[in-house]
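Chain and residue survey
What follows is the residue order along each chain.
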Amino acid sequence: MHLLDPLNLSFPLLASATKAADSSMVVAAVLLSLVVIYLASKVGGELSNKVGLPPVLGELVGGVVVGISVFHLLVFPEGGADSSSSLIMTFLQTTAGLSPEATPEVFAVQSEVVSVLAELGVIILLFEIGLESNLKDLMAVGIQATVVATVGVVVPFAAGTVGLMTLFGIDAVPAIFAGAALTATSIGITSKVLSEIGRLNSKEGQIILGAAVIDDVLGIIVLAVVASLAKDGVVDVGKVIYLIISATGFLLGAIVLGNVFNKSFVAIADKLKTRGELVIPAFIFAFVMAYFAAIIQLEAILGAFAAGLVLEETDKRKELQKQVIPIADMLVPIFFVTVGAKTDLGVLNPAIPDNREGLIMATFLILVAIFGKVITGLSVFGQPQINRLAIGVGMIPRGEVGLVFAGVGAASGVLSKPLGAAIIMMVILTTFLAPPLLRFVFPDPKTVDSGSGQLILDGDSGTSLVIEPPQSRVLNDGGSLEVTQDTQEN
């Protein structure tokens with residue numbers, strides 16, 4: 001026994017980690033969590049797709065069903081849950097011999113691992129979206145996107161803050177905090193829906209995407225300001241200036257880097273001969289960019305998005321997109337299901353007295369959240385044929401960004417329980433409303449007979465998207481001849 005003492009002294013972290021949580025039980029818990037997540041995402045996505053809604057909405061709903069609101073299969077300590085409320089922990093105690101004493105530690109580590117995987121999922125999602133976006137197109141709508149983002153921050157922030165102070169008598173600091181929560185836009189949810197409905201590279205999609213990126217940067221700055229207010233009642237002006245400079249410098253630097261790095265990346269990928277010769281260097285670059293964004297107090301997802309924009313300019317773009325898709329299919333659903341699982345719909349129950357005041361404030365915040373973003377479409381100028389309503393609707397979802405604001409506010413103690421519940425409800429509703437609304441405001445392309453083929457027109461502007469020749473519609477799935485009404489008329 002004495003021979004083991006030096007080992008325990010030499011590796012105290014290893015010894016304490018082993019004592020804190022049995023690694024085999026942690027692995028088992030994480031595996032069960034992933035089973036639940038993938039089942040929820042697949043069932044939810046398929047059902048959503050069947051009724052004509054974006055699959056991402058089904059993944060969010062699937063997360064709600066397996067999360068703290070319904071089945072308690074996937075719960076997290078930051079939502080107020082403990083190990084006793086997790087059915088996965090109960091299942092492990094019953095089937096794998098997990099002791100009640102070790103359960104809290106296993107639960108804590110399992111929750112942390114799943115949360116990290118979810119963060120990794122949204123980083124890869126934004127990297128994938130960057131690969132699908134065109135830097136030149138984004139720069140072309142840069143001024144428009146900046147105006148949309150600015151209006152989308154100023155209007156809901158001012159309306160929310162003033163409204164809470166005057167209508168509900170909320171003190172200045174919590175009112176400012178709630179107003180700040182109204183400013184964010186979830187680039188992850190909006191970009192995923194735009195990609196699913198084939199509108200990511202439309203003029204509206206590019207403005208929404210550019211505005212959402214700028215919105216995130218402005219939201220980070222606003223969060224830093226209100227966090228300073230919540231902490232000591234004063235704003236750290238130096239930190240605000242630092243965030244503005246670092247965010248601007250980072251995004252401009254990414255654009256400049258794109259022109260320098262493109263050829264080097266292709267040359268490196270061509271020299272590598274083992275498996276992953278393209279996708280591994282790409283992920284190294286994406287994670288390095290995400291790391292740099294994180295250490296200068298920006299969001300890591302902005303770094304991943306910038307990396308995608310840079311690599312979109314390379315000759316390897318299409319090949320890289322194909323290789324990233326299966327990886328994204330594995331990790332991105334973890335993010336959306338986790339967002340849904342952390343959403344507590346219990347705050348919507350009017351039978352609980354404490355929720356009633358929150359419901360009234362939530363109604364006000366939801367109206368401000370929706371109209372404060374929809375109005376951003378009216379700020380688009382010089383584009384007579386553009387779908388302004390679609391741009392405004394695309395800015396509605398708060399998603400994970402809004403949950404960050406709510407989490408910081410709850411941790412600081414500046415938000416009352418009703419106001420905190422109202423913010424969460426606003427985040428829930430805007431997150432779930434945006435996907436079906438986006439599908440609704442973007443009409444399906446119209447098909448018109450053009451004599452020589454099928455002319456596919458954009459539903460908004462009427463501009464030609466693609467011509468489908470008649471012969472492409474002659475063979476049916478079985479390979480037999482099938483002449484349609486249009487070709488007969490021609």
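Keep in mind that what you see is a predicted model, and the values were worked out from it rather than measured. Residue numbers restart at each chain and count upward from 1, following the sequence in its written direction. Side-chain atom pairs in this predicted model are given and counted only at pLDDT of 80 or more, local residue features only at pLDDT of at least 70, and totals for whole chains, interfaces and linings cover all residues. In computing side-chain properties, one takes all heavy atoms of the structure into account and sets aside hydrogens as well as water.

Moving on: the overall build of the protein. Helical segments are the DSSP runs of H or I of at least four residues, strand segments are the runs of E of at least two, and each set is numbered from the N terminus. Check the secondary structure of the protein and you find 20 helices and three strands. Type-normalised accessible area, obtained with a 1.4 Å probe on protein chains alone, sets the label of each residue: buried when under 20%, exposed when over 50%, and partly exposed for intermediate values. Taken over 490 residues, the protein has a buried fraction of 48%. The Shrake-Rupley method, run with a 1.4 Å probe, gives the accessible areas here. Residue values count only the displayed protein chains as cover. Accessible surface for the protein amounts to roughly 22,800 Å². Of this, 67% is attributable to carbon and sulfur atoms.

Let us now look at the packing of helix α16 (residues 353-374) against helix α19 (residues 417-441). To obtain each axis, a line is fitted to C-alpha atoms, and for helices this fit is confined to the stretch in contact; angles are then taken between N-to-C directions over 0 to 180 degrees. Relative orientation of the contacting elements α16 and α19 amounts to 45°, with a least axis distance of 7 Å. Compared by their axis directions, α16 and α19 come out oblique. Considering how the two elements wind past one another, α16 and α19 form a crossing that is right-handed. Judged by residue contacts, D354, E357, G358, L359, M361, A362, L365, I366, A369 and I370 of α16 engage K417, P418, L419, A422, I423, M425, M426, L429, T430 and L433 from α19. Orientation categories follow fixed angle ranges, with anything under 35 degrees roughly parallel, anything over 145 roughly antiparallel, 65 to 115 roughly perpendicular, and all other angles oblique. Helix crossings fall into two classes, left-handed where the near helix is turned counterclockwise from the far one by less than a right angle and right-handed where it is turned clockwise. It only takes one pair of heavy atoms within 4.5 Å for two residues to be counted as in contact.

Centres within 6.5 Å make a pair out of two Phe, Tyr or Trp rings, where for Trp the six-membered ring is used; the pair is then stacked when the planes are under 30 degrees apart, edge-to-face when over 60, and tilted otherwise. Applying the stated criterion across every chain yields a total of five aromatic pairs. Ring centres 4.9 Å apart and planes at 65° place the aromatic pair F335 and F336 in the edge-to-face group. For the residue pair F335 and F336, the accessibility class agrees, reading buried in each case. Look at NZ for Lys and CZ for Arg. If either is within 6 Å of the ring centre and within 35 degrees of the ring normal, a charge sits over the ring. The ring of F76 carries K342 above its face, with NZ or CZ at 4.8 Å from the centroid.

Attention now moves to the pattern of salt bridges. For this analysis, a salt bridge means a side-chain nitrogen from Lys or Arg found within 4 Å of a carboxyl oxygen belonging to Asp or Glu. Under the defined criterion, the tally for this structure stands at four salt bridges. Between K42 and E46 there is a salt bridge; the shortest N-O distance is 3.6 Å. Residue K42 and its partner E46 are located together in helix α3 (residues 23-50), separated by four residues, close to a single helical turn. A salt bridge links K316 to D270; its shortest N-O distance comes to 2.8 Å. Placement of K316 in the loop between α14 (300-312) and α15 (317-341) and of D270 in helix α12 (residues 237-271) is noted, with a sequence separation of 46 residues between them. On the basis of relative accessibility, which here comes to 18%, the residue K316 falls in the buried class. When its relative accessible area of 40% is taken as the criterion, D270 is described as partly exposed.

With that out of the way, let us pick up the nonpolar core. Buried Ala, Val, Leu, Ile, Met, Phe, Trp, Tyr and Cys residues that are joined via side-chain atoms within 4.5 Å together make up what is termed a nonpolar core. Formed by 137 residues in total, the largest nonpolar core has its most connected members in F127, L164, L311, L320, I423 and M426. The leading source of residues in this core is helix α6 (residues 103-132), at 12 residues. For L320, the contacting residues outside a window of four places in its chain are F127, L131, L278, V279, A282 and L311.

For H72, which is not glycine, the phi dihedral falls at a positive 60°. Along the chain, the position of H72 falls in the loop between α4 (55-66) and α5 (87-95).

Turning next to the packing of α6 against α15. Describing two packed helices takes the angle between their axes plus the distance from one axis to the other. Where α6 meets α15, the axes come as close as 7 Å, and the angle between the chain directions of the two elements is 145°. Here the hand of the crossing between α6 and α15 comes out left-handed. Each residue belonging to the contact of α6 with α15 can be placed in one class, and the counts come to 19 nonpolar, three polar and three charged. In the scheme used here, Gly and all other residues not listed as nonpolar or charged are polar, with Ala, Val, Leu, Ile, Met, Phe, Trp, Tyr, Cys and Pro taken as nonpolar and Asp, Glu, Lys and Arg as charged.

Glancing now at the side chain of T185. Following the sequence through the fold, T185 ends up in the loop between α9 (172-181) and α10 (187-196). Look at T185 and you get buried, because its relative accessible area is 0%. Only 3.2 Å separates the side chain of T185 from the side chain of K373, close enough to count as a polar contact. Pairs of N or O atoms within 3.5 Å make up the polar contacts considered here, provided that, within protein, one atom can donate a hydrogen while the other can accept it, and that residues adjacent in sequence are counted only when both atoms are side-chain atoms. At 3.2 Å, the side chain of T185 forms a polar contact with the backbone oxygen of M395.

Once that is clear, we can look at the confidence of the model for the protein. Any segment with low pLDDT has predicted coordinates that should not be analysed in fine detail. pLDDT is defined as a per-residue confidence score from the predictor, taking values between 0 and 100. Mean pLDDT over the protein stands at 79; residues scoring 70 or higher make up 81%. Within the model, pLDDT remains below 50 along residues 1-19, and this stretch shows one contact once partners closer than five positions in the same chain are excluded. Per-residue pLDDT stays below 50 along residues 446-490; that stretch engages in 67 contacts with residues further than four places along the chain or on separate chains.

Take the side chain of T103 next. Of note, T103 is situated in helix α6. Take T103: its relative accessible area is 2%, and that puts it in the buried class. When near neighbours in sequence (up to four residues on either side) are disregarded, T103 contacts S83, M89, Q93 and L98.

We now examine α16. What a helix should span is 1.5 Å times the count of its residues minus one. Look at α16: 32 Å from first C-alpha to last across 22 residues, which is about the 32 Å you get at 1.5 Å a residue. What α16 keeps buried is the set N355, G358, M361, A362, F364, L365, I366, V368, A369, I370, G372 and K373.

Looking now at the environment of I391. Mapping I391 onto the fold places it in helix α17 (residues 388-394). In this structure, the C-alpha to C-alpha distance between I391 and Q206, residues 185 residues apart in sequence, is 9.5 Å. If near-sequence neighbours (up to four positions away) are discounted, I391 is found in contact with V148, E204, I207, I208, T376, G377, V380 and I386.

We now examine a nonpolar patch on the surface. Patch members must show over 30% relative accessible area and no salt bridge, and they are joined within 9 Å when carrying like charges or within 5 Å when they are nonpolar side chains of Val, Leu, Ile, Met, Phe, Trp or Tyr. On the surface, I280, I284, V288, Y291, F292 and I295 cluster together into a nonpolar patch covering about 570 Å² of accessible area. Following the sequence through the fold, V288 ends up in helix α13 (residues 279-295). Given the relative accessible area of 36%, V288 is considered partly exposed.

In this section: α12. Its 35 residues place the ends of α12 48 Å apart at the C-alpha level, agreeing with the 51 Å of an ideal helix rising 1.5 Å per residue. Taking the largest bend as the criterion, α12 deviates by roughly 45°, centred on F261. Along α12, the positions that sit buried rather than exposed are V240, L243, S246, A247, F250, A254, G258, F261, N262, F265, V266 and A269. The seven residues ending at a residue and the seven starting there each receive a fitted axis; the angle between those axes is the bend at that residue.

This part takes up the environment of A211. By secondary structure assignment, the location of A211 is in helix α11 (residues 203-232). Taking the relative accessible area as the measure of exposure, A211 reaches 0% and is therefore buried. In contact with A211, not counting residues within four places along its chain, are A145, V148, A149 and M395.

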